[in-house]
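This is what each chain is made of:
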2 protein chains.
Amino acid sequence: METTNVKKEVQVINAEELLTHLKGHRKLTRRTIEIFPEEQLFTYSIGGMRSFAELIQELLGIAAPGIKEIATGNPAELQENFDHQNKKANLLEAWDKATVEIEKYWLQIEQERFQETIKSFGQYEGKVWENIFYFIDNEIHHRAQAFVYLRALGIDPPFFWDR
Amino acid sequence: METTNVKKEVQVINAEELLTHLKGHRKLTRRTIEIFPEEQLFTYSIGGMRSFAELIQELLGIAAPGIKEIATGNPAELQENFDHQNKKANLLEAWDKATVEIEKYWLQIEQERFQETIKSFGQYEGKVWENIFYFIDNEIHHRAQAFVYLRALGIDPPFFWDR
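Residues numbered from 1 in each chain as written. Chains lettered and ligands numbered in written order. Predicted model: local features only at pLDDT ≥ 70, side-chain atom pairs only at ≥ 80, totals over all residues. Heavy atoms only, no water.

The name that an unreviewed UniProt entry assigns to chain A is Damage-inducible protein DinB, with the source organism given as Salegentibacter salinarum.

Side note on the side chain of Gln111(A)
Examined against the element boundaries, Gln111(A) turns out to sit in the loop between helix H4 (88-106) and strand S1 (117-120). With relative accessibility at 17%, the residue Gln111(A) sits in the buried group. Excluding residues within four positions of it along the chain, Gln111(A) makes contact with Gln11(A), Asn14(A), Ala15(A), Glu9(B), Val10(B) and Val12(B). (Helix = DSSP H or I, 4+ residues; strand = E, 2+ residues; numbered from the N terminus. Buried < 20%, exposed > 50% of the residue type's maximum accessible area, 1.4 Å probe, protein only. Contact = heavy atoms within 4.5 Å.)

Some thoughts on the interface of chain A and chain B
Each partner contributes to the interface: chain A provides 39 residues, whereas chain B provides 39 residues. For the pair chain A and chain B, the two sides together bury roughly 3800 Å², of which 68% comes from carbon and sulfur. Across the contact surface, chain A and chain B share two salt bridges. Salt-bridge contacts for Glu17(B) lead to Lys127(A); the nearest nitrogen and oxygen are separated by 3.0 Å. Across the chain A-chain B interface, the total number found is 18 residue pairs in polar contact (both at pLDDT 80 or more). The biggest single contributor to the side of chain A that touches chain B is helix H5 (residues 128-152) of chain A, with 13 residues. Looking at the side of chain A that touches chain B residue by residue, the class counts come to 19 nonpolar, 11 polar and nine charged. (Buried area = accessible area lost by both parts, 1.4 Å probe. Salt bridge = Lys/Arg side-chain N within 4 Å of Asp/Glu carboxyl O. Polar contact = N/O pair within 3.5 Å; in protein donor to acceptor, adjacent residues only side chain to side chain. Nonpolar A, V, L, I, M, F, W, Y, C, P; charged D, E, K, R; others polar.)

Here's the deal with the UniProt feature "binding site: a divalent metal cation" (unreviewed entry) in chain A
All names here are of chain A. UniProt marks His142 with the feature "binding site: a divalent metal cation" (unreviewed entry), using the numbering shown here. Here His142 shows up in helix H5. Beyond its immediate stretch of four places on either side in the chain, His142 contacts Arg50, Phe52, Leu55, Glu58 and Leu59. In this structure the side chain of His142 is engaged in a polar contact, spanning 3.1 Å, whose partner is the side chain of Glu58. (UniProt positions renumbered as here; feature names shortened; annotations may be inferred.)

Considering helix H5 (residues 128-152) of chain B
An α-helical turn contains 3.6 residues, so a residue and the one three or four places further along point in the same direction. All names here are of chain B. Along its 25 residues, H5 runs 37 Å from first to last C-alpha, staying within 8% of the 36 Å computed at 1.5 Å per residue. Across the 25 residues of H5, 21 count as buried, placing the element largely inside the fold. Residue Gly154 follows H5 closely and has a positive phi angle near 80 degrees. (Expected span 1.5 Å × (residues − 1).)

A word on the packing of aromatic side chains
Tallied over the entire structure, the rule returns 13 aromatic pairs over all chains. Each ring, one from Phe36(A) and one from Phe52(A), has its centre 5.3 Å from the other, and the planes form 40 degrees; the classification is tilted. With Phe36(A) in the loop between helix H1 (15-35) and helix H2 (38-43) and Phe52(A) in helix H3 (residues 52-72), this residue pair connects regions lying 16 residues apart in the sequence. Given the relative accessible area of 0%, Phe52(A) is considered buried. Plain terms: the ring middles of Phe159(B) and Trp161(B) are 4.9 Å apart, the flat faces sit at 15 degrees to each other, and that makes the pair stacked. Taken together, the ring pairs in this structure connect Trp129(A), Phe133(A), Trp129(B) and Phe133(B) into an aromatic cluster. Positioned above the aromatic ring of Trp95(A), the side-chain terminus of Arg26(A) is 3.9 Å from the ring centre. (Phe/Tyr/Trp six-rings, centres within 6.5 Å; stacked < 30°, edge-to-face > 60°. Lys NZ or Arg CZ within 6 Å of the ring centre and 35° of its normal.)

Digging into helix H3 (residues 52-72) of chain B
Residues and elements named next belong to chain B. In a regular helix each residue adds 1.5 Å, so 21 residues correspond to 30 Å; H3 covers 30 Å between its end C-alpha atoms and thus fits that length. With 17 of 21 residues buried, H3 is to be regarded as a mostly interior element. Positioned one or two residues after H3, Gly73 has a phi angle of 80 degrees, which is positive.

Remarks on the nonpolar core
Among the nonpolar cores identified, the biggest contains 100 residues, and Leu18(A), Phe114(A), Leu18(B) and Phe114(B) are the most heavily contacted of them. Among residues more than four places away in sequence, those in contact with Phe114(B) are Val12(A), Ala15(B), Leu18(B), Trp106(B), Ile109(B), Lys127(B), Val128(B), Trp129(B) and Ile132(B). (Core = buried A, V, L, I, M, F, W, Y, C linked by side-chain atoms within 4.5 Å.)

Points about the relation of the copies chain A and chain B
Two chain copies here: they are related by a rotation about an axis and a translation along the same axis. Aligned on chain B, chain A shows an RMSD of 0.0 Å; the corresponding rotation is 180 degrees and the shift along the axis is 0.0 Å. Given the turn and translation reported, the copies of this chain are related as if by a two-fold rotation axis. Looking at the interface residues of chain A, 100% of them are also at the interface in chain B, so both copies use one shared face. (Least-squares fit on C-alpha atoms with pLDDT ≥ 70 in both.)

This is how it looks when you write it as structure tokens:
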């Protein structure tokens, strides 16, 4: 019997691993929201920057709608505000809903789509993987800013490596 | 003539793209060091955190030695300080040398190695891709803290998306 000797190329990182990576970051960001004092969440700022609640709303406006757009092909609109009524619980609820949405739509993305070029939110052109990396990097970036807010408020942030 | 119909699996992200991604982040961090006022680079802090120069030294201690270790298999040691003599130019020089090292050793890493499990710096166990993602995420995290320092000092940081 002859065997065809085709070496299957190993993935640098496969889609499932990338989802796990993303979910690990979302868990850490969730913990950062939980630790943040409720009042300061909506008011505290350094150097004229946005409050952590505003940064969270930006993140909510990007990752879940962006991944839904990638999976379905239906254009997403940037929407960075919602009526949270200055309640931490409402931000956390929105965060958890977004995590469920991300997982649901992620599983509908075929592996080969990651190399496709798209225009996310009608304006950000790049490969699917580049868009997703941007979503993750942007979350790390804004959460790190919240870590500084916490330190300035005398509160220990969670461990960066604990996902 | 018969053809073997084996569908080649498309990479979510290939090794070259991941290097380009990493180098984009290093460029942005370099620009952040350049913009930072020289004196405050070594002294400025919020909430008891490390100065940006100390954070930069941590990053210098991780990415280039870590990638060299992955490529060569020779154990790396965590070394987070060097004699920079409180000069921004010395940090920038070290940064550029590290970027050259990273590129040199990166090109020696075979694609299938990214799924291998290693123990980086003799203690951090994980797949090669996980280690590399940690290097990148940690850089984004610490640079974001420097962005807050800059804002607090009344200086506009570079654009996050401009790599």
